Amino acid sequence: MSWSISTLDSHLPQATWESFVNHYVAAWMMVGTLVICLSYALIHNIYQRYNETYRKILDEAQQLVVVQHTIEAMVLTLLFAPASYLVLSINFEEQSLEEFGNKVTALGSVMFVIVIMYLVELASRFQNLRTLVVVHHLCAFFDSIFPAFFLTTA
């Protein structure tokens, strides 16, 4: 007999299945992580091809910083509007418990992508790590995860 997820379904009570996290949340978090990670190589290749200053004057450490700041600007710009809507909606709109849960989950997904971006930046600078860089990225990391615990801090 081969195993499948439907086989597991028949052995677990319905209440157990309902208690699992919505798999779409995990899927969107993984897609966000994939986009963040692939964007570093993509932006680097675009700069290498079209920007002579980037190619000839900057060393590898400087190129990494340029790529990181470009991605940071793009991600934060793209996520500012949805994150702002979710924070304001969670804090200032009357809504059903289900809508509230969906918005909190969506905000958690957005914050997860931001956290991953800062952690990738921090990990990629391991050769030239400075205290100020570590403090900056850890502050950004903790600021991004606060809404998960304290919804009114966002």
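Structure first, text after, so check above.
Residues numbered from 1 in each chain as written. Predicted model: local features only at pLDDT ≥ 70, side-chain atom pairs only at ≥ 80, totals over all residues. Heavy atoms only, no water.

Peer 1: What am I meant to see in the overall build of the protein here?
Peer 2: The helix and strand inventory of the protein stands at seven helices and zero strands. Going from the N terminus to the C terminus, the protein shows its helices and strands as α-α-α-α-α-α-α. Here the protein, with 154 residues, has 27% of them falling under the buried criterion. Surface accessibility of the protein: about 10,800 Å² in total, with carbon and sulfur atoms responsible for 67%. (Helix = DSSP H or I, 4+ residues; strand = E, 2+ residues; numbered from the N terminus. Buried < 20%, exposed > 50% of the residue type's maximum accessible area, 1.4 Å probe, protein only. Areas by Shrake-Rupley, 256 points an atom, 1.4 Å probe, with all protein chains shown as cover.)

Peer 1: Honestly, the environment of Leu129 in this entry has me stumped. Any pointers?
Peer 2: Examined against the element boundaries, Leu129 turns out to sit in the loop between α6 (97–124) and α7 (131–149). Sequence-distant contacts of Leu129, that is, excluding residues within four places in its chain, are made with Leu122 and Val134. (Contact = heavy atoms within 4.5 Å.)

Peer 1: Could you clarify how one ought to interpret the environment of Ser96 in this entry?
Peer 2: For Ser96, the location among the structural elements is in the loop between α5 (60–92) and α6. There is a polar contact of 3.2 Å between the side chain of Ser96 and the backbone nitrogen of Glu99. (Polar contact = N/O pair within 3.5 Å; in protein donor to acceptor, adjacent residues only side chain to side chain.)

Peer 1: Can you help me understand the layout of surface pockets in this one?
Peer 2: Unoccupied space between atoms shows up once a probe the size of one water molecule is rolled over them. As a volume, the largest pocket reaches approximately 390 Å³. Taken together, 17 residues form the lining of the largest pocket, with Glu60, Ala61, Leu64, Val65 and Ser124 sitting closest to its centre. Contributions of two or more residues to the lining of the largest pocket are made by α3 (23–50), α5 and α6. Sort the elements by how many residues they give to the lining of the largest pocket and α5 lands first, with six residues. A breakdown of the residues in the lining of the largest pocket according to their chemical character gives nine nonpolar, five polar and three charged. (1 Å grid on protein atoms, 1.4 Å probe; cavity = no way out; pocket = protein on both sides within 12 Å on 5 of 7 lines; lining within 4 Å. Points joined across faces, edges and corners; volume = space filled by probe spheres on them. Nonpolar A, V, L, I, M, F, W, Y, C, P; charged D, E, K, R; others polar.)

Peer 1: What should I look at first to understand the packing of α5 against α6 in this one?
Peer 2: The axes of two packed helices give the description: the angle between them and the distance between them. Contact geometry for α5 and α6: axes closest at 10 Å, N-to-C directions at 165 degrees. One finds that α5 runs roughly antiparallel with respect to α6. Taken as a pair, α5 and α6 cross one another with a handedness that is left-handed. Here the residues of the contact of α5 with α6 are counted per class, giving 20 nonpolar, three polar and three charged. (Axes fitted to C-alpha atoms, helices over the stretch in contact; angles between N-to-C directions. Parallel < 35°, antiparallel > 145°, perpendicular 65-115°, else oblique. Left-handed = near helix turned anticlockwise from the far one by under 90°.)

Peer 1: In this structure, what is going on with the side chain of Ser39? I would like to understand it.
Peer 2: Within the element layout of this structure, Ser39 appears in helix α3. One polar contact links the side chain of Ser39 to the main-chain carbonyl oxygen of Ile36, over a distance of 2.6 Å.

Peer 1: What am I meant to see in α5 here?
Peer 2: Quick reminder: α-helices carry 3.6 residues per turn. Residues three or four places apart thus point the same way. Taking 1.5 Å of rise per residue, the 33 residues of α5 would be expected to cover 48 Å, and the 46 Å separating its terminal C-alpha atoms lies within 8% of that figure. Roughly 40 degrees is the biggest bend found in α5, and it falls at Phe80, with proline Pro82 one to four residues downstream. (Expected span 1.5 Å × (residues − 1). Bend = angle between axes of the 7 residues up to and from the residue.)

Peer 1: Explain the nonpolar core to me, please; I cannot follow it from the model alone.
Peer 2: Among soluble globular proteins, nonpolar side chains are generally buried collectively. With 21 residues, the main nonpolar core has Ile36, Leu107, Ile114 and Met117 as its most contacted residues. Of all the secondary structure elements, the ones that give two or more residues to this core are α3, α5 and α6. Leave out the neighbours within four places in its chain, and Ile114 touches Leu76, Leu79 and Ser144. (Core = buried A, V, L, I, M, F, W, Y, C linked by side-chain atoms within 4.5 Å.)

Peer 1: Got a minute to help me understand the pattern of salt bridges in this structure?
Peer 2: Pairing is possible between side chains of opposite charge, provided their charged atoms come close. Under the definition given, this model contains two salt bridges. Ionic pairing is found between Lys56 and Glu52, a salt bridge with its closest N-O pair at 3.5 Å. Linking Lys56 with Glu52, this pair stays in helix α4 (residues 52–56), spanning four residues, or about one helical turn. The exposure class assigned to Lys56 is exposed, which follows from its relative accessible area of 60%. A relative accessible area of 48% means that Glu52 is categorised as partly exposed. Linking Lys103 and Glu93 is a salt bridge whose minimum nitrogen-to-oxygen distance equals 3.2 Å. Highlighted residues: Lys103 in helix α6 and Glu93 in the loop between α5 and α6, separated in sequence by 10 residues. (Salt bridge = Lys/Arg side-chain N within 4 Å of Asp/Glu carboxyl O.)

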